[in-house]
Structure formats: structure tokens, C-alpha cells
Amino acid sequence: MHEQARQQANDQFDHWLRQERRLAYADLLQEADDLQIKLAELANCRAEGTERAATLDALLGFHNAYLQLVRRSGPLATVAHSAVLTTYQRLLEHCGHLFRRLQNQRPPDLPWAEIWDQYQRQIVISAELVAAVAVDIQVGPAHRRDMG
């Protein structure tokens, strides 16, 4: 009977964890997608010959999207699987480098080639993040415990 109660408690915890992870992952993926969109808008400013004001808006949009993604770290750390956290941290480091590089820069001085290169890398890391989330959702916490 004690074993049955323990198993029921584990099942309830796994169900709760699965729900919390799905909510956290949905927010994370939305914010990663928003960041990718904002970075694409910024990267396209040079190609489209965008006016200074629109370029500043795109730069501000990227900064805000990056900061929003950074805010995910607290809630995510409590429920995410280590593979998702590792990929998330890579995304933060990658975009954080560009964020710091672009701070206090004016549109004529923006490193456009680097912005485009970072945008291309961000696409790959975001795809890896989606894959890590998909694997975790499909496998689930109970099976991960059995996997070691």
C-alpha cells in the first residue's frame, strides 16, 4: 500500500511537472520566435535601405525581445530539462554578445555583416531549442527518470 501511494504521488508530480514545462516551453518558444523576428527586422534594415527612425525602432525591438527572453531564465530554471536549459543558455549567450555589441551604436555605425551572420546563427540555435523542447515533451519526466 505504501508503494502504491508513492507511485500515485510520483504520477501526480509528473503530471504537474509536464503541465508546468509545457507552459514554460510555450512562453519560451514564443519569446525566442519574437526575438528571431526582431533580429530579422534589424538585419533587413540595411538590405531595404530603411530610414534611420525605422532602424532605431528595429534596434529597440531587438533589445526588448532579448531582455524579455532573459527574463525567462528564472521560471525556466525550475522546470526545464537540462538539454532545453543548455540550448536556451546558448541562445542567450549568442544574442547577448550581439546585444552588448549593439549597445550605444548609431545606425550608420552598425556592424551589418555581423548582424546578418548572428541572425543566421540564431536561426540554427532556435531550431535546436525547438527540437530539445519537442524531445522533452515527447519523452516526459517519468521516462527520463528511467533513462538515468
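Before reading further, recall that the structure is shown in the block above.
Residues numbered from 1 in each chain as written. Predicted model: local features only at pLDDT ≥ 70, side-chain atom pairs only at ≥ 80, totals over all residues. Heavy atoms only, no water.

Draft legend 1. How the structure looks around the pattern of salt bridges. Per the counting criterion, the structure on display carries eight salt bridges. For Asp117, the salt bridge identified is with Arg121, shortest N-O distance 2.7 Å. Pair noted here: Asp117 and Arg121 are both in helix 5 (residues 112–147), with a separation of four residues, about one helical turn. Judged by relative accessible area, Asp117 falls into the partly exposed class, the value being 34%. Given a relative accessible area of 43%, Arg121 falls into the partly exposed group. (Salt bridge = Lys/Arg side-chain N within 4 Å of Asp/Glu carboxyl O. Helix = DSSP H or I, 4+ residues; strand = E, 2+ residues; numbered from the N terminus. Buried < 20%, exposed > 50% of the residue type's maximum accessible area, 1.4 Å probe, protein only.)

Draft legend 2. Spotlight on helix 2 (residues 52–70). With 19 residues, helix 2 ought to run about 27 Å at 1.5 Å a step, and its terminal C-alpha atoms sit 27 Å apart, in line with that. Within helix 2 the residues assigned to the buried category are Thr55, Ala58, Leu59, Gly61, Phe62, His63, Ala65, Tyr66 and Leu69. (Expected span 1.5 Å × (residues − 1).)

Draft legend 3. Structural context of the nonpolar core. Leu42, Phe62, Leu69, Leu76, Val84, Leu102 and Ile115 are the most contacted members of the largest nonpolar core, which totals 37 residues. Elements with a contribution of two residues or more to this core: helix 1 (2–47), helix 2, helix 3 (73–79), helix 4 (82–102) and helix 5. (Core = buried A, V, L, I, M, F, W, Y, C linked by side-chain atoms within 4.5 Å.)

Draft legend 4. The side chain of Thr55, seen in detail. The residue Thr55 is located in helix 2 in this model. If we skip the residues at most four places from it in the chain, Thr55 touches Leu42, Cys45, Thr50, Pro107, Leu110 and Trp112. (Contact = heavy atoms within 4.5 Å.)

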